[in-house]
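# Structure assessment
What follows is the residue order along each chain.
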Amino acid sequence: MSSTATRAAQSAAGPASAGTDVSVSNPGPSAEQGGHQGHEPRQAATDYADYRLVPSRHPWRWVGTALVALGVAAVVWSLATNPRWEWGVVAQWFTAQSVVNGLLETLKLTAISGALGFILGFILALMRLSASPLLVSVSWTFSWIFRSTPLLVQMLLWYNLGYLYEKISLGIPFTDVRFFEVQTTTLISQFAAAVLGLTLNQAAYSAEIIRGGILSVDQGQLEAAAALGIPAWRRSTRIVLPQAMRAILPTAFNEIIGLVKGTSIVYVLAYSELFYTVQVIYNRTQQVLPLLLVATLWYVVITSVLSVFQYYIERHYSKGAVRTLPLTPLQKARRFFATHAAVTDTRARSTR
C-alpha cells in the first residue's frame, strides 16, 4: 500500500480510531525514499547563462607587472635615446659580408664540434657503463682530464702539437711499418685545432650528460624487457633511449648553446669566426661598442633559434611522461585571445 493510501486510511478512521493501532502491512517506500520514481516532476536545472562572470582579483600581480613594465620601458628608452649606442653603425655592419662569413664559420664550428662531441660522448658513456674495468677507467680518465683543464689551454696545446710531435704517422705499433705520415704543422691547421679542442672538450661533458640520462631510466623496465625476450639492441633503442632523452635533452641543448658562445674562444688561434672578425673590424674602425653589439645580436639570434628547436623536441619526447602535451606558444596565444574575447563579450552583454 502506498503512503498516500495509508494517510487516507488514517484520516478516514477519524477520532473513533484514536488509540487503536492501525497497522499497514508492507508499506511501499515513501516519496522521500525514492518511491514512485518518475511520477513526481523533477526540478529544472539551474540556468547559469545570465550569471555575471567576476574575474578573481590579483592586486599584487598587477603591482609587480607595473613595476617590471616601468623597468623595461626605462631600458628601452635608454637604448633608443642614447646616441652612443650608434645603432646606425650596428645596422651598417650587421649584414656586412665579412660579418656574415664569420657567422658561417661559427655555425660550421658549432655543427661539426657538436655532432662529433656528442657521438664521442655517447661512446664514452657506454664505456663508462660497461662491465670492463679498462673501458671504465679510460672513459673516467678522459672526462676527468678534459673537464679539469680550461678550454683555452686545450686550444693552445692542440695548435702547438707540432712542437711535441714533428710528424703524425699511421702504421703498425712498435714497428717501423708506416702506411701514412704527415707533418704535424701541416695537419693541425687553425681550423683543425679549433675543431679538435671543441670536440674533445664537448665529448667530456656530453659523456656525463648521456650517462646520467641512461641511469635515470628505471632498471626494472630493462629487466622486464629482457624477461620478454626483447633483444638488447631493441631494449636500448626503443625503451631506454626514448625515456633517457627526456633527461638528456635540456642539458644537451644547454651544452650546444654554450658551444655556440664557446666558439668565440677560437679567436686566440686567429681563426676568422664571428668574434675574431668583429675584433678585426673594430681594431680598424675604432667602433668598438657597435661592433660588439653586432656580435651579441647574432649570438642572440642563434641561441633563440636553438631554443625554439629545443622546445619542440622536448615536447615530442614528453609524450610518455605527461597526459596532455604542453601548449605551443601559438596555441597559448590563441587560447589567451579566445578567453579574453569571451570574457569581454560576457561583460558587454551584462552591461546592456
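Now for a look at the structure at hand.

What counts and how
Residues numbered from 1 in each chain as written. Predicted model: local features only at pLDDT ≥ 70, side-chain atom pairs only at ≥ 80, totals over all residues. Heavy atoms only, no water. Helix = DSSP H or I, 4+ residues; strand = E, 2+ residues; numbered from the N terminus. Buried < 20%, exposed > 50% of the residue type's maximum accessible area, 1.4 Å probe, protein only. Contact = heavy atoms within 4.5 Å. Salt bridge = Lys/Arg side-chain N within 4 Å of Asp/Glu carboxyl O. Pairing = 2+ DSSP bridges. Patch = residues over 30% accessible without salt bridge, like charges linked within 9 Å, V, L, I, M, F, W, Y side chains within 5 Å. Areas by Shrake-Rupley, 256 points an atom, 1.4 Å probe, with all protein chains shown as cover.

Our next topic: the overall build of the protein chain. Helices and strands together make up the secondary structure of the protein chain, namely 14 helices and two strands. Looking at the protein chain as a whole, 26% of its 352 residues are labelled buried. Intrachain contacts of the protein chain at a sequence separation of at least 6 include 69% that bridge at least 24 residues.

The next subject is the pattern of salt bridges. In total, this model carries four salt bridges according to the counting rule given. The salt bridge partner of glutamate 105 is lysine 108, with a shortest N-O separation of 3.3 Å. You can see glutamate 105 and its partner lysine 108 sitting in helix 4 (residues 97-129), three residues apart, about one turn around the helix. For lysine 108, a relative accessible area of 35% translates into the label partly exposed. Ionic pairing is found between glutamate 208 and arginine 128, a salt bridge with its closest N-O pair at 3.0 Å. Taken as a pair, glutamate 208 in helix 9 (residues 190-215) and arginine 128 in helix 4 lie far apart in primary sequence, 80 residues in all.

We now examine the pairing of strand 1 (residues 167-171). By the bridge criterion, five bridges tie strand 1 to strand 2 (residues 178-183) in an arrangement that is antiparallel. Pairing of isoleucine 168 across the sheet is with valine 182, part of strand 2. In this antiparallel pair of consecutive strands, strand 1 and strand 2, the connection spans six residues, and phenylalanine 174 shows a positive phi of 65°.

Once that is clear, we can look at a nonpolar patch on the surface. Nonpolar side chains collect at one region of the surface, where Leu116, Ile119, Phe122, Ile123 and Leu126 lie side by side and expose about 430 Å² of accessible area between them. Tracing the backbone through its elements, the reader meets leucine 126 in helix 4. Since its relative accessible area comes to 42%, leucine 126 is described here as partly exposed.

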